[in-house]
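# A structural walkthrough
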Amino acid sequence: MNNDTKKPNILWRSFRSVRLTIVLLILIAIASVLGTFIPQREEALEFAHRLDPDTLRLFHALGLFDMYHSAWFRILVGLLALNLVICSIDRFPGAWRRFSARPRPDRSKVFHDIPEDQRLEVITSSESVLETVRTIIASKYKRVTKKTSPPATFFYAEKGRFSHFGVYIVHLSVLIIIVGALIGSFYGFEAYVNILEGEKVGSAMIRGRMLPVALGFSVRCDDFSVSFYDNGTPKEYRSDLTFFENGKKVKSAVVRVNHPAKFRGIIFYQSSYGTIPGDSAMIRLVRRASKPEVRSVNAGSNKEIPLPHGEGTFVVLEIKDNFMNMGPAVLIKVKPKQGDQIRFWVFQHHERISRQFPGIFDRFPKLNPSAFKPYTFLLEGIESKYYTGLQVSKDPGVPVVWAGFFLIVAGLFITFFTSHRRLWIKVLQQDGKSEISVAGMANKNPVGLEREIHELLGELKASLGERKNA
Amino acid sequence: MLNSTILSYITFVYFGAFFFYLCMMIMGKSAFGKVATLFCLIGFVGQALAIGLRWYESYKLGIGHAPFSNMYESLIFFSWTIILLYLIIEWRTKNKTLGVFVSPLAFLALAYASFSPSINSRIQPLVPALKSNWLISHVITCFFGYAAFGISFGLSLMYLIKRMGGDRPQNAFLKLLPTAGILDDLNYQVVVIGFLMLTLGIITGSVWAHSAWGSYWSWDPKETWSLITWLVYALVLHSRMVRGWRGKRMAFLCIVGFCCVLFTYFGVNYLAGLHSYAKS
C-alpha cells in the first residue's frame, strides 16, 4: 500500500473539501451582489465622481468598477474550478467502484431485515417458478445474474449504474463553461461601431478600452430604418449591411434586434442608432409681390440654385442642427445678378425666436431671412442622416459554452432523476413451496425503489398465485 | 379588457382558498380543506382561461404575442405556476396543509398585479428586443423555477413551525402538519425541480442574450442575481448531499434562497440594467 494515497498533502486535503466549496460559493455570491450595487464599467464614471478621493482610490485599487473582470474575482472563480477538479478526482474512484462492482447474487445479509411484505410464498416448487421470476425481473432490469445453491436460487439485478456519474458530468460542464468563457476573453472581442448610411468602415472600437480593432474586411451600411407602433413605441430597428473584401462585394445582410449577421466569424448586432444633420436642407422661398409666390427647393450644400425669377442664385453654405442654441439653421449666400453678395442665417424656428427676442431679425441683418428683397427664406427642415450603432463581437468560445450548457442539463437529469437500483431475489424451494424474498438498494430515491419492489411483487403474485399465510 | 377583469376576480378566489385552508388548520376540519382545494381549482382553471384569452386578445389587437412580456403578465404567470405546482403536490401527497402557506403567495402576486397603481395591465406591443422565439421558453422555465422555490419557502416555514411546536404538539394546526422528516424530504425534491428549471432558465436566457445583446453573459444585474440565486441553491444541494445538512439549516438556506429569488424578480428593477422591460 502506497503511503501517499493514505495521507495526501495539506494542499490536496484542503482543496478536496466541500467546506471550501461552500465558502467559495458564498464568497462568489457576495462579490456578485457587490457588483450589482456598485455601477460597473460605462456606468461607473458618474458614480466615481461622487466619491471622496480616498474611497475612490480604494475602489479603484480593488477593481470594484470592473469587478467581474478584476484579478481577485477571477482568482475566486479559478479556486472554485480547482476545488471542483480536485473534489472530482478525489471522489471519482469511489464512484467508479460503485459503477463497476459486481456483487454476489447470493448475499444473505441483505435479506436479514427486509419487511414482511417483501416476501411471498407460493405453493409450488417447480422449475417454472424460477423461470417466471426471471422473466419478470428481466422485464424491468437489464442486467440479471443467477446463482443456484440448492435449495435456494439467487438472482441479482441492477440498473441505472450511470447515475453515479451524473454529478461528475455536471462538474465537468461547469469547467467546460469556464474554459469557454476563457477562450472568449483571450481570443474574442466585444466592440462597437457607428456607421452612417452609405458609409463604409474597416474597424470597430473595443468596448471600455477605446482601442480600434481591425476587422479584416469592410462593412457598409446601405440603409437604416426604424419603425414604430401606433402608440409610439419602437417596433423594429433594421440595418442593411454589405460586406466587402479586397474592395469586392462579398455578402449582403440584414441586421435586426434578435437577428444578428455573421461574417468571417464576427457577429454584428443591432444595438443603437442616431442621427446627424445631413448635407441638404428643405428651403421655402416666398417672393413678395402683387401675387405672392411660394416655392420649395431641396438645397444641397454648395450647389448653386437659381432664384425663381432670375434675380440671381443662392447657395447653402453651412448646415447646423443647433445654431447659437436656437435650433436648426442654415447659412445662405445670395449672388444677385448685379450688386454685392449677401450672407445670412435662416432659422427653422423663426416664429418662436422672434417671439422670444422681439426685433432680433431687424437688428441683425446677418440673421434676417428677408435680407434679399423681395424674397423671404424659410427653413422647413434639415434632412438628417441616420447612423446605425452596431455591436461587433467575436467569441470563439461560444460553441464550447453551448456544449457546456447541453452537458450540464444532461448531467443534472442523470444526477436527480436516475438512481442505481440493485435487487437481490432469493427463491427458497422446499417441501413443495417456494418462498420468494426481495431486497433492494438504491443510491438515491429510496421511495421510488420501494414502489418498484411492490410493483414487482404484485406482478409475481399475479402470475404465480400467492398462498395466504394463516 | 376582459382578461384583466377576470384576473382581478381570481385574486379573491385565491384569497378564499387561503381563508378555507386556514379554517381547516385552525379548526381541524377536513371539509374546509376540500372547499379550499375547490377554490384553488376554480382559480387555476379560470386563470388559465384568462391567460389564454389575453393571448387571443393581443392577436385581435394586431400585436399578438405570448402574454409574458411585462411585469403584469409575469406576475399573472407566476401565481398560476405556483398554484399548478401546489395542486400537483397536494394530489401526490394527499396533504392539504401546504396550501395555507402557498396560497397567500399566489394571492399576493395576483393582488399586486391587479391592484398596484404602478403596474400597467394593458396589452402592449412587443419591443424589438423581446421579439424572439426564446421569450416563451425563457419565461416558462424561469417562472417554474421561481414557483418551485416559492413552494420550498412555504415548506421551510412549515418545517420551522413544526419543529418549534415540539414532538407532541397540542394544537390542531401543529398536529395537522406532516412530520418534520417528510417536510424536509419534500423540500429537497421541490428544490431539485426549482434548481433544474432555474438552470434551464439561465441557459435559455443566455442563448437568447447571445442573439439579442451580442453576448451570452454581460453581468446585467438580473443575470447576476439569477446566478447568485443559482449559487445559493447549489449550496443547498451540496450541503445536503455531501455534508448531510438537513432540517433547520436546510430550511434557513431555502428561505435565504427565496429572498434571492424575490430580489432577482423585483429588487433588480431598482438597479439599472438591460432587463428594463420587466419593470412595469
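Each chain has its residues counted from 1, running along the sequence as written. Lettering of chains starts at A and numbering of ligands starts at 1, both following the order in which they are written. Totals for whole chains, interfaces and linings use all residues, but because this is a predicted model, local features are given only for residues with pLDDT of at least 70 and pairs of side-chain atoms are given and counted only at 80 or more. Remark: hydrogens and water are excluded; side-chain values derive from all non-hydrogen atoms of the structure.

Below, the discussion takes up the overall build of chain A. Within chain A one finds 12 helices and 18 strands. In terms of C-alpha radius of gyration, chain A reaches 41 Å, well past the compact-globule figure of 23 Å for 470 residues. Across its three principal directions, the C-alpha atoms of chain A cover 135 × 55 × 50 Å. Considering chain A as a whole, with its 470 residues, one finds that 43% of them fall into the buried category. In what follows, residue pairs with any heavy atoms lying within 4.5 Å of each other are defined as contacts. Taking all contacts inside chain A whose residues are at least 6 apart in sequence as the whole, residues at least 24 apart take part in 59%. His is not counted here, nor are the chain ends, while Lys and Arg score as positive and Asp and Glu score as negative. Think of each charge as sitting on NZ of Lys, CZ of Arg, CG of Asp or CD of Glu. Positive and negative side-chain charges of chain A, numbering 64 and 44 respectively, have mean locations separated by a distance of 4 Å. What counts as a helix is a DSSP run of H or I of at least four residues, what counts as a strand is a run of E of at least two, and both are numbered from the N terminus. With C-alpha atoms as the basis for the radius of gyration, the globule rule is written as 2.2 Å multiplied by the number of residues raised to the power 0.38. Partly exposed describes any residue whose relative accessible area lies between the buried limit of under 20% and the exposed limit of over 50%, with all areas from a 1.4 Å probe on protein chains only and scaled to the type maximum.

When helices and strands are tallied, chain B shows 9 helices and 0 strands. Starting at the N terminus and ending at the C terminus, chain B contains elements arranged as α-α-α-α-α-α-α-α-α. In terms of overall size, chain B behaves like a compact globule, its C-alpha atoms giving a radius of gyration of 19 Å where 280 residues would be expected to give roughly 19 Å. Principal-axis analysis of the C-alpha atoms gives chain B an extent of 60 × 45 × 30 Å. Residues counted as buried form 61% of the 280 residues belonging to chain B. Look at the contacts in chain B between residues 6 or more apart in sequence, and 79% of them connect residues 24 or more apart. With 20 positive and 8 negative side-chain charges, chain B shows a spacing of 7 Å between the two charge centroids.

As a further point, take the sheet that holds strand E1 (residues 119–122) of chain A. All names here are of chain A. Any two strands between which DSSP finds at least two bridges are classified as paired. Across the sheet, which stays open at both edges, the 5 strands sit in the order E1-E18-E17-E3-E2 with antiparallel pairing between neighbours. The open sheet terminates on both sides in strands that have one partner only, identified here as E1 and strand E2 (143–149). On average, each strand axis in the sheet is tilted by 15° relative to the strand beside it, whichever way the strands run. Where E2 meets strand E3 (residues 152–159), 7 bridges bridge the pair, whose relative direction is antiparallel. Residue pairing in the sheet places Arg143 in a bridge with Glu158 of E3. Of the strands in this sheet, E1, E3, strand E17 (421–430) and strand E18 (433–442) touch helix H12 (residues 446–464), which is tilted by about 160° from E18. In this description, a line fitted to the C-alpha atoms serves as the axis of each element, helices being fitted only across the stretch in contact, and the angle between N-to-C directions of two axes falls anywhere from 0 to 180 degrees.

Attention shifts here to the confidence of the model for chain A. For chain A, per-residue confidence averages 87 on the pLDDT scale, and residues scoring 70 or more make up 95% of the total. For every residue, the predictor reports its confidence as pLDDT, a number between 0 and 100. The least confident element of chain A, judged by mean pLDDT, is helix H1 (residues 3–6) of chain A at 49; the most confident is helix H11 (residues 398–417) of chain A at 96.

What follows deals with the packing of helix H5 (residues 134–164) of chain B against helix H7 (residues 180–212) of chain B. Packed helices, taken two at a time, are described by the angle between their axes plus the distance between the axes. Residue and element names in this part refer to chain B. Packing of H5 against H7 brings their axes to within 7 Å, and their N-to-C directions diverge by 160°. Considered as vectors, H5 and H7 are oriented roughly antiparallel to each other. Along this stretch, H5 crosses H7, giving a crossing that reads as left-handed. Under the scheme applied, nonpolar residues are Ala, Val, Leu, Ile, Met, Phe, Trp, Tyr, Cys and Pro; charged residues are Asp, Glu, Lys and Arg; polar residues are all the others, including Gly. For the contact of H5 with H7, the class distribution of residues is 22 nonpolar, 11 polar and 3 charged. Put simply, angles under 35 degrees are roughly parallel, angles over 145 are roughly antiparallel, angles from 65 to 115 are roughly perpendicular, and the rest are oblique. By definition, any crossing whose near helix is turned counterclockwise from its far helix by less than a right angle is left-handed, and any crossing with a clockwise turn is right-handed.

The next thing to look at is the interface of chain A and chain B. Taken together, the contacts link 47 residues of chain A with 45 residues of chain B. Using a 1.4 Å probe, buried area is obtained as the accessible area two parts lose upon being combined, added over both of them. Carbon and sulfur atoms make up 75% of the surface buried where chain A meets chain B, a total of about 3,800 Å² over both sides. Its largest share of buried area at the contact with chain B, chain A owes to Thr36, Asn258 and Phe416 of chain A, together 17% of the area lost on that side. In the sections that follow, a salt bridge refers to a side-chain nitrogen of Lys or Arg positioned within 4 Å of a carboxyl oxygen of Asp or Glu. Where chain A touches chain B, the interface holds 0 salt bridges. Polar contact is the term for a pair of N or O atoms within 3.5 Å; when the atoms are in protein, one must be able to donate a hydrogen and the other to accept it, and sequence-neighboring residues count only if both atoms are side-chain atoms. Taken together, the links from chain A to chain B amount to 9 residue pairs in polar contact (both at pLDDT 80 or more).

Residue ranges labeled as domains rest on an automatic or database domain assignment. Under the domain assignment used here, chain A contains domain 1 (10–98), domain 2 (102–160 + 419–469), domain 3 (185–276 + 387–407) and domain 4 (279–383). A separation of 40 Å is found between the C-alpha centroids of domain 3 of chain A and domain 4 of chain A.

To continue, consider the state of the cysteines. Criterion for a disulfide: a pair of cysteine sulfur atoms at a distance within 2.5 Å. A complete count under the given rule lists 0 disulfides over all chains for this structure. Take Cys142 of chain B: it sits in no disulfide, and the sulfur closest to it among the cysteines is that of Cys260 of chain B, at 15 Å.

This part covers helix H7 (residues 127–140) of chain A. Residue and element names in this part refer to chain A. Of all the positions in H7, only Val129, Leu130, Val133, Ile136, Ile137 and Lys140 are classed as buried. Each buried residue of H7 sits inside an arc of 135° when the element is viewed along its axis, so together they form one side. Opposite the buried face of H7, by more than 90 degrees, sit the exposed residues Glu127 and Ser139. Elements in contact with the buried residues of H7: E2, E3, E17, E18 and H12. The directions from the helix axis to the C-beta atoms form the arc being described.

A word on the environment of Phe18 of chain B. All names here are of chain B. Summarising the element assignment, Phe18 is placed in helix H1 (residues 2–27). Along the sequence, Phe18 and Val100 sit 82 residues apart, while their C-alpha atoms lie 5.6 Å from each other. Setting aside residues up to four positions removed in sequence, Phe18 forms contacts with Val100, Ser103 and Pro104.

Our focus in this paragraph is the packing of helix H3 (residues 71–93) of chain B against H5 of chain B. All names here are of chain B. The interhelical angle for the contact between H3 and H5, taken along N-to-C directions, is 55°, at an axis separation of 8 Å. Classified by the angle their axes make, H3 and H5 are oblique. Seen along the crossing, H3 lies across H5 with a hand that is right-handed. For the pair H3 and H5, contact is made by Ser74, Phe77, Phe78, Thr81, Ile82, Leu84, Leu85, Tyr86 and Ile89 and by Val139, Ile140, Phe143, Phe144, Tyr146, Ala147, Ala148 and Ile151, respectively. For the contact of H3 with H5, the residue count by class is 15 nonpolar, 2 polar and no charged.

All names here are of chain A. As summarised here, the arrangement of the 4 strands in space is E12-E13-E14-E15, forming an open sheet in which the pairing is antiparallel. Strand pairing shows two members of the sheet lacking a second neighbour, strand E12 (305–306) and strand E15 (342–347), which therefore form its edges. For strand E14 (residues 329–336) and E15, the ladder comprises 6 bridges, and the chain directions are antiparallel. Paired with Leu331 across the strands is Trp345, a residue of E15.

Glancing now at the side chain of His420 of chain A. Residues and elements named next belong to chain A. Examined against the element boundaries, His420 turns out to sit in the loop between H11 and E17. Residue classification places His420 among the buried positions, given a relative accessible area of 3%. A polar side-chain atom of His420 sits 2.9 Å from a polar atom in the side chain of Glu158. If we skip the residues at most four places from it in the chain, His420 touches Arg98, Glu158, Lys159, Gly160, Arg161, Ser163, His164, Met441, Ala442 and Asn443.

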